[in-house]
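Secondary and tertiary structure notes
Take a look at the letters that make up each chain.
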Amino acid sequence: MPEKISMGPNNKLQVPNNPTIPFIEGDGIGPDIWKASVRVFDAAVEKAYQGTKKINWLKVLAGEESFQKSGEWMPEATMNAFKEYLVSIKGPLTTPVGGGIRSLNVALRQELDLYVCLRPIKYFEGTPSPMWQPEKVNMVIFRENTEDIYAGIEYMTGTAEANKLRDFLVNELGVKKIRFPETSSLGIKPVSKEGSERLIRSAIQYAIEHKLPSVTLVHKGNIMKFTEGAFKNWGYELAEREFAGDVYTWQQWERTKKESGEAVANEEMKISAIGGKVIIKDAIADNFLQQAMLAPQDYSVIATLNLNGDYISDALAAQVGGIGIAPGANINYLTGHAVFEATHGTAPRFANTNTMNPSSVILSGVMMMEYMGWRDAAELITHAVGKTIRNKTVTIDFYNLMKDATLLKTSEFADEVIRNL
């Protein structure tokens with residue numbers, strides 16, 4: 001009998017053998033890549049557990065299909081299903097233009113308080129890449145998902161709201177740095193201590209559990225001192241307060257160095273030798289984007305705010321083959337709610353062509369199974385996707401960048417992955 005995933009004590013997910021998992025096919029290429037992906041999921045679960053476990057898939061509506069059938073982009077029934085069943089998965093959704101919901105993805109994150117956008121960036125051997133050594137890129141990004149400019153607090157120039165906010169800033173707070181106040185649209189960037197801490201806490205816990213060497217707080221605190229700078233400071237304070245036995249912060253090392261007067265050429269090597277603790281360090285966002293190309297091996301887990309995380313996720317994905325192979329998840333580790341999703345767009349001109357790469361959804365399913373504790377099935381899929389790419393049996397996006405490759409349709413790529421399980 002199908003059962004529900006629930007949240008048990010100590011924030012531990014309780015997953016039955018036959019969980020019901022809602023899914024949204026998605027818009028544009030969504031139906032093509034979902035049909036391919038779900039066959040891979042079912043085959044991997046069957047192979048790993050020999051019939052003792054099985055997912056009961058529950059289709060729910062959102063996006064264009066939902067709007068055409070009900071006049072709603074995100075029906076209440078769909079949101080309720082995501083709340084009730086905790087874990088769900090979706091394809092890409094259209095962002096409505098000209099009013100209504102600003103973004104269906106953002107609406108989901110806000111409504112379910114999915115404060116972590118989790119984006120693992122890993123290279124599969126043989127994947128076309130612009131990097132000289134893409135195999136050195138192996139990072140997991142924790143992007144804060146509910147604050148920063150994605151909170152959506154902004155006002156168009158000329159509106160009563162924009163004028164009222166401008167007048168308050170200028171007349172009440174004495175702000176003089178709005179260069180063209182009469183024509184400026186205005187936005188507000190909230191960054192809270194609670195929001196920052198729960199994101200950074202999750203990143204540090206992940207690094208400890210997976211025995212990863214470092215967590216880097218990526219920020220623009222040299223300019224935005226009270227938002228992004230505070231994010232960095234709160235992160236260091238949290239690490240020293242809550243994880244004292246497991247981490248060693250860059251600030252601790254700076255204090256030790258200052259007190260001892262010691263000058264060390266390779267500080268990070270010295271730190272890494274101190275008890276095998278997770279190193280907590282920080283990087284200015286623009287410099288991090290440069291270092292991620294020059295020395296990606298120096299970074300492991302990344303904790304960052306919303307806008308930085310958006311740029312960083314796609315930039316790093318490009319280094320290992322593009323967002324067509326980049327999985328993602330939006331998670332609340334406290335309630336257990338998690339939505340796993342393709343990270344790319346809907347590509348409507350390729351809808352119903354059975355040509356696009358389904359790897360983003362397939363690997364998002366891997367993340368979902370890891371989250372559920374079904375690691376055997378997850379490892380089978382990861383191995384099979386890697387083997388399929390190494391064999392140069394690929395869809396059009398990789399085929400155009402490879403020599404002597406075999407061109408496959410979306411459904412045929414799924415066939416190959418299943419064959420390689």
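This report concerns the structure included in the present document. Just so it is clear, the model here is predicted, and its values are computed rather than measured.

**Brief notes about a nonpolar patch on the surface**
A contiguous nonpolar surface patch, about 210 Å² in accessible area, is contributed by Ile-153, Tyr-155 and Ile-188. Its place among the elements puts Tyr-155 in strand β8 (residues 154–155). Look at Tyr-155 and you get partly exposed, because its relative accessible area is 30%.

**Considerations on helix α1 (residues 30–49)**
Its 20 residues give α1 an end-to-end C-alpha distance of 28 Å, which sits within 8% of 28 Å, the value for a rise of 1.5 Å per residue. One or two positions beyond α1, positive phi appears at Gln-50, with a value near 50°.

**Section: the environment of Leu-199**
With respect to the helices and strands, the residue Leu-199 is situated in helix α6 (residues 193–209). Residues Leu-199 and Lys-136 lie 63 residues apart in sequence; the distance between their C-alpha atoms is 25 Å. Those residues within four positions of Leu-199 in sequence are excluded, and the remaining contacts are Tyr-115, Val-116, Phe-142, Arg-143, Glu-144, Phe-231, Ala-303 and Thr-304.

**Here we look at the packing of aromatic side chains**
In the structure shown here, the tally under the stated rule is 11 aromatic pairs. Considering the side-chain rings of Tyr-49 and Trp-374, the 5.7 Å spacing of their centres and the 65° angle between planes classify their relative orientation as edge-to-face. Of the two residues, Tyr-49 is situated in helix α1 and Trp-374 in the loop between α12 (359–372) and α13 (375–390); the sequence distance between them amounts to 325 residues. Overall, Tyr-49 belongs to the buried group, its relative accessible area being 11%. Each residue in the set Phe-23, Trp-34, Phe-41 and Trp-57 is aromatic and connected to the rest through ring pairs, giving one cluster. Here the guanidinium or amino end of Lys-4 rests over the ring plane of Tyr-85, the centre of that ring lying 5.5 Å away.

**Topic: the sheet that holds strand β5 (residues 87–90)**
Judged by pairing direction, the sheet is mixed, and its 11 strands sit side by side in the order β4-β3-β5-β15-β14-β6-β7-β13-β10-β12-β11 without closing on themselves. At either margin of the open sheet sits one strand with a lone partner, and together these are β4 (56–59) and β11 (247–249). Pairs of neighbouring strands in the sheet enclose a mean axial angle of 25°, with direction left out of account. Pairing between strand β6 (residues 116–122) and strand β7 (residues 138–144): 7 bridges, direction antiparallel. Residue pairing in the sheet places Ile-121 in a bridge with Met-139 of β7. Of the strands in this sheet, β3 (20–24), β4, β5 and β15 (338–342) touch helix α3 (residues 76–85), which is tilted by about 145° from β3. Those strands touched by α6 are β6, β7, β10 (214–219), β11, β12 (278–284) and β13 (301–304), and its axis lies near 160° from that of β7.

**Some words on the pattern of salt bridges**
Tallied over the entire structure, the rule returns 20 salt bridges. Ionic pairing is found between Arg-241 and Glu-197, a salt bridge with its closest N-O pair at 3.1 Å. Taken together, the residues span a long stretch of sequence, with Arg-241 in helix α7 (residues 228–242) and Glu-197 in helix α6 at a distance of 44 residues. Here Glu-416 ties to Arg-419 by a salt bridge, and the two come within 2.1 Å at their closest N and O atoms. Remark: Arg-419 and Glu-416 occur in helix α15 (residues 410–419); sequence separation between them is 3 residues, near one turn of the helix. Salt bridges sharing common partners tie together Glu-25, Lys-59, Glu-65 and Lys-69.

About the criteria used
- Residues numbered from 1 in each chain as written.
- Predicted model: local features only at pLDDT ≥ 70, side-chain atom pairs only at ≥ 80, totals over all residues.
- Heavy atoms only, no water.
- Patch = residues over 30% accessible without salt bridge, like charges linked within 9 Å, V, L, I, M, F, W, Y side chains within 5 Å.
- Areas by Shrake-Rupley, 256 points an atom, 1.4 Å probe, with all protein chains shown as cover.
- Salt bridge = Lys/Arg side-chain N within 4 Å of Asp/Glu carboxyl O.
- Helix = DSSP H or I, 4+ residues; strand = E, 2+ residues; numbered from the N terminus.
- Buried < 20%, exposed > 50% of the residue type's maximum accessible area, 1.4 Å probe, protein only.
- Expected span 1.5 Å × (residues − 1).
- Contact = heavy atoms within 4.5 Å.
- Phe/Tyr/Trp six-rings, centres within 6.5 Å; stacked < 30°, edge-to-face > 60°.
- Lys NZ or Arg CZ within 6 Å of the ring centre and 35° of its normal.
- Pairing = 2+ DSSP bridges.
- Axes fitted to C-alpha atoms, helices over the stretch in contact; angles between N-to-C directions.

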